[in-house]
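So the chains spell out like this:
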Amino acid sequence: MNVKTSRLRLPVLAGLTAGGVLLLAGPAFAHVSVQPGTAEKGGYSTIALKVPNEKDNASTVKLELTLDPKHPLASVMPQPVPGWDIKVEKSKLDKPVKTDDGVVNEAVTKVTWSGGKIDPGQFQQFPLSVGQLPTDTDALVFKALQTYSDDEVVRWIDPSKPNGQEAEHPAPTLKLVDKAAASGATKDDKSGTAEAAADKNDGSSDTTARALGIAGIVVGVAGVAFGVLAGRRRSAA
């Protein structure tokens, strides 16, 4: 193998390697997921189901979302999505749920979006306003069925594996955090206030330094003028 042939093969091998990495990494970014992935326990939140189209020869034409039956939500309101029809199904609860607004005997158990399409290489978000979020669990697990125009149905219902490995078709999951964890923004605000105060102090220091510099220039000019006058007096004498 000569040097010229080696130089030609290196870019090809690099391209194939990079392509292999992208192919392997692709499915990890193509799952149906909940955005954002976390929300505060006991509160209300606006989330969205992010649905990418994984196929090159078919479009996504329907999404069916089944809510966690172990932790029913008193309020589930979908936001209209242009081009899509929305069907909300409610069921009577075996055990009523107590909320800040009273006791709830039925809850939304399924939401279906249909009539639109997600073309290959595109994704769509389906927003939901949900609450009151439970306080007795660290996650809400949903089940999603993604239907394609070629009638294939992908079931995003697999639970997470105990060994930490990702399931083949993981169920969309909303992690729930305590209020203390969600209050980190307050600390950041305080830090921002401290930084602003520091910037203000720096500005004051700059102003003082400029004033001292100007005073120095004035004194220097006065000194030069005094020296010139003194020189003239000596010459006249």
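Refer to the structure printed above.
No experiment lies behind these values; they were computed from the predicted model shown.

Caption draft 1: Geometry of the overall build of the chain. Summing up its helical and strand segments, the chain has 3 helices and 12 strands in all. Relative to its full complement of 237 residues, the chain shows a buried share of 26%. A separation of at least 24 residues holds for 71% of the contacts in the chain among residues at least 6 apart in sequence. If you sum the accessible surface of the chain, you get close to 15,900 Å²; carbon and sulfur atoms cover 56% of it.

Caption draft 2: Spotlight on the pattern of salt bridges. The tally for this structure, following the rule as stated, stands at 7 salt bridges. For Asp 138, the salt bridge identified is with Lys 41, shortest N-O distance 2.8 Å. Of the two residues, Asp 138 sits in the loop between β8 (123–131) and β9 (139–141) while Lys 41 sits in the loop between β2 (38–40) and β3 (45–52), which places them 97 residues apart along the sequence. The shortest N-O distance in the salt bridge between Asp 150 and Lys 55 comes to 2.3 Å. You can see Asp 150 sitting in the loop between β10 (143–148) and β11 (153–156) and its partner Lys 55 sitting in the loop between β3 and β4 (60–66), a full 95 residues away along the chain.

Caption draft 3: Broad picture of the environment of Pro 127. Here Pro 127 lies in strand β8. A sequence separation of 49 residues divides Pro 127 from Pro 78, and the C-alpha atoms of the two residues are 6.0 Å apart. If we skip the residues at most four places from it in the chain, Pro 127 touches Ile 47, Ala 48, Met 77, Pro 78, Gln 79 and Val 81.

Caption draft 4: Representation of the sheet that holds strand β6 (residues 85–99). In spatial order, the strands read β6-β7-β4-β10-β11; together these 5 strands make up an open sheet with antiparallel pairing. Edge positions in the open sheet fall to β6 and β11, since each of these has one partner strand only. On average, each strand axis in the sheet is tilted by 15° relative to the strand beside it, whichever way the strands run. With 4 bridges connecting them, β10 and β11 associate as antiparallel partners. Bridge pairing in β11 places Gln 146 opposite Val 154.

Caption draft 5: Quick look at the sheet that holds strand β1 (residues 33–35). Ordered in space as β1-β3-β8-β5, the 4 strands form an open sheet in which the pairing is antiparallel. Strands at the two margins of the open sheet, each flanked by one partner only, are β1 and β5 (75–78). Within the sheet, the average angular offset between the axes of one strand and its neighbour, ignoring direction, is 30°. Pairing of β3 with β8 involves 8 bridges; the strand directions are antiparallel. Looking across to β8, one finds that Ala 48 is bridged to Pro 127.

Rules and cut-offs
- Residues numbered from 1 in each chain as written.
- Predicted model: local features only at pLDDT ≥ 70, side-chain atom pairs only at ≥ 80, totals over all residues.
- Heavy atoms only, no water.
- Helix = DSSP H or I, 4+ residues; strand = E, 2+ residues; numbered from the N terminus.
- Buried < 20%, exposed > 50% of the residue type's maximum accessible area, 1.4 Å probe, protein only.
- Contact = heavy atoms within 4.5 Å.
- Areas by Shrake-Rupley, 256 points an atom, 1.4 Å probe, with all protein chains shown as cover.
- Salt bridge = Lys/Arg side-chain N within 4 Å of Asp/Glu carboxyl O.
- Pairing = 2+ DSSP bridges.
- Axes fitted to C-alpha atoms, helices over the stretch in contact; angles between N-to-C directions.

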